[in-house]
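One letter stands for each residue in the lines below.
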Amino acid sequence: MIKNLFISAIIVLFSTIFITSCHPFKGNQEIPAYLHVDTFLLTTNYSIEGAASHKITDVAVYIDNDYQGYYELPATIPILERGEHKLTLYPGIKLNGNSSTRTINPFYQPYIIENYMFEEKVVDTVTPSTRYYPTDNSNIHLDLWMEDFERQISFETPAYSDTTITRTDRDTPDVWKDNDGNSHYSGYVWIEDTLTFMITSPKLYGLPDQGNSIFLELDYKCTGLFKVGLFAKIASEEMIDLIYVNPSEKWNKIYVNLGPNITNTSVDNPEYFRVFISGTTEKNTEAEYYFDNIKVVYRD
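**Q** Tell me what's going on with the overall build of the protein chain, and back it up with residues and numbers.
**A** The helix and strand inventory of the protein chain stands at three helices and 20 strands. Computed over C-alpha atoms, the radius of gyration of the protein chain comes to 26 Å, more than 25% over the 19 Å expected from 2.2 N^0.38 for 300 residues, which places it beyond the range of a compact globule. In terms of overall dimensions, the protein chain has C-alpha extents of about 100 × 50 × 45 Å along its principal axes. Taken across its 300 residues, the protein chain has 42% of its residues classed as buried. Expressed as a percentage of contacts within the protein chain between residues at least 6 apart in sequence, the contacts between residues at least 24 apart total 74%. Carbon and sulfur atoms form 50% of the exposed surface of the protein chain, whose accessible area is close to 16,100 Å². Looking at the protein chain, you have 23 positive and 41 negative side-chain charges, and the mean spots of the two groups are 5 Å apart.

**Q** Account for the sheet that holds strand β14 (residues 196-200), with residues named and values stated.
**A** Within a sheet, each strand pairs with its neighbour through backbone hydrogen bonds, oriented either parallel or antiparallel. Spatially, the four strands line up as an open sheet ordered β14-β19-β16-β17, and their pairing is antiparallel. Two strands lie at the open edges of the sheet, namely β14 and β17 (237-245), each paired on one side alone. Sheet twist, expressed as the average angle between the axes of neighbouring strands with direction ignored, equals 25°.

**Q** An account of the environment of Glu147 is needed here, citing residue identities and associated values.
**A** For Glu147, the location among the structural elements is in strand β11 (residues 140-147). Classification of Glu147 as buried rests on a relative accessible area of 3%. As for Glu147 and Gly187, which are separated by 40 residues in sequence, their C-alpha atoms are 9.3 Å apart. Setting aside residues up to four positions removed in sequence, Glu147 forms contacts with Gln152, Ile153, Ser154, Phe155, Asp292, Asn293 and Ile294. For Glu147, the side chain forms a polar contact with the main-chain nitrogen of Phe149, separated by 2.7 Å.

**Q** Provide a residue-level description of the pattern of salt bridges, including the pertinent values.
**A** In the structure shown here, the tally under the stated rule is 12 salt bridges. Arg274 serves as the salt-bridge partner of Glu156, at 3.8 Å between the closest nitrogen and oxygen. Of this pair, Glu156 sits in the loop between β11 and β12 (166-167) while Arg274 sits in strand β19 (residues 273-280), and the two are 118 residues apart along the sequence. Residue Arg274 is joined to Glu237 by a salt bridge in which the shortest nitrogen-to-oxygen separation is 2.4 Å. A residue pair is termed long-range when its members are at least 10 positions apart, and Arg274 in strand β19 and Glu237 in strand β17 qualify at 37 residues. Residue classification places Arg274 among the buried residues on the basis of a relative accessible area of 13%. A network of salt bridges, in which partner residues are shared, links Asp58, Glu72 and Arg102.

**Q** Hey, could you go over the sheet that holds strand β9 (residues 123-126) for me, with residue numbers and the actual values?
**A** Within the open sheet, the three strands sit side by side as β5-β1-β9. Their pairing is mixed. Each of the sheet's edge strands pairs with one partner strand only, and the pair in question is β5 (75-79) and β9. On average, each strand axis in the sheet is inclined to that of its neighbour by 25°, with strand direction left out of account. Two elements, strand β1 (residues 33-37) and β9, share four bridges in a ladder whose sense is parallel. Looking across to β9, one finds that His36 is bridged to Thr125.

So, how was this worked out
Residues numbered from 1 in each chain as written. Predicted model: local features only at pLDDT ≥ 70, side-chain atom pairs only at ≥ 80, totals over all residues. Heavy atoms only, no water. Helix = DSSP H or I, 4+ residues; strand = E, 2+ residues; numbered from the N terminus. Rg over C-alpha atoms; globule rule 2.2 N^0.38 Å. Buried < 20%, exposed > 50% of the residue type's maximum accessible area, 1.4 Å probe, protein only. Contact = heavy atoms within 4.5 Å. Areas by Shrake-Rupley, 256 points an atom, 1.4 Å probe, with all protein chains shown as cover. Lys, Arg positive; Asp, Glu negative; His and termini not counted. Charge placed at Lys NZ, Arg CZ, Asp CG, Glu CD. Pairing = 2+ DSSP bridges. Axes fitted to C-alpha atoms, helices over the stretch in contact; angles between N-to-C directions. Polar contact = N/O pair within 3.5 Å; in protein donor to acceptor, adjacent residues only side chain to side chain. Salt bridge = Lys/Arg side-chain N within 4 Å of Asp/Glu carboxyl O.

If you want it as structure tokens, here you go:
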């Protein structure tokens, strides 16, 4: 009898512990409001910032300046707040086109709603917009080098390159088109049968060092692999390979992080840098490359 009572007591004790442990939250268990973000929009002043081309893939969410999380778009985000709060959405990107290096773009402004109303169970859709931080008061530089092929091509071609880059006609089917469907001039390279191409930017002077943010933005569409890198002029020009970019049947965009390599090279006091793009083909194959909306953006 005593044994049975002891066993019953143990069962009751463990049942109580189990039931108590089933509650995942302590205190006030709220039903969330939901924030749905499908995509970001980008607006630019074309004359000084270039085309409104972007690949914003993520959003970082802050409520009253408190971090809520980082989400891949499109996202439906649970928010445990009620009533009016400050909502801040930061545009995020895949740095170097890599899913493992997602980060807030330091050159795009956040989207802010000072008094946003959160309601329990309500799924509210927000379409945030962004633009570059103003260049006049934020130490952002967009004027170092920009190539959109609408005017004379600024790319240079080394003597050892088998071909150079040309400008398409506007009515070429594969040229870059803006959000309104308008065709623009693009850069074009074609190679075949073990040939190699290399194109370089003009000499870039005055880039900052010591961990500053420096991005190369590049739109591309191509059937072959290509490489992006830097030349650093120290005693002579030294080549720094950065990343390889895979072929893309559709127009794609990549943000290449130049900052770490420029910082590492700065100890040797380079005179200037040049960005390069290169590619090659195997025997009995060919490849074509389209490029557009290329710019170097940095922050002091």
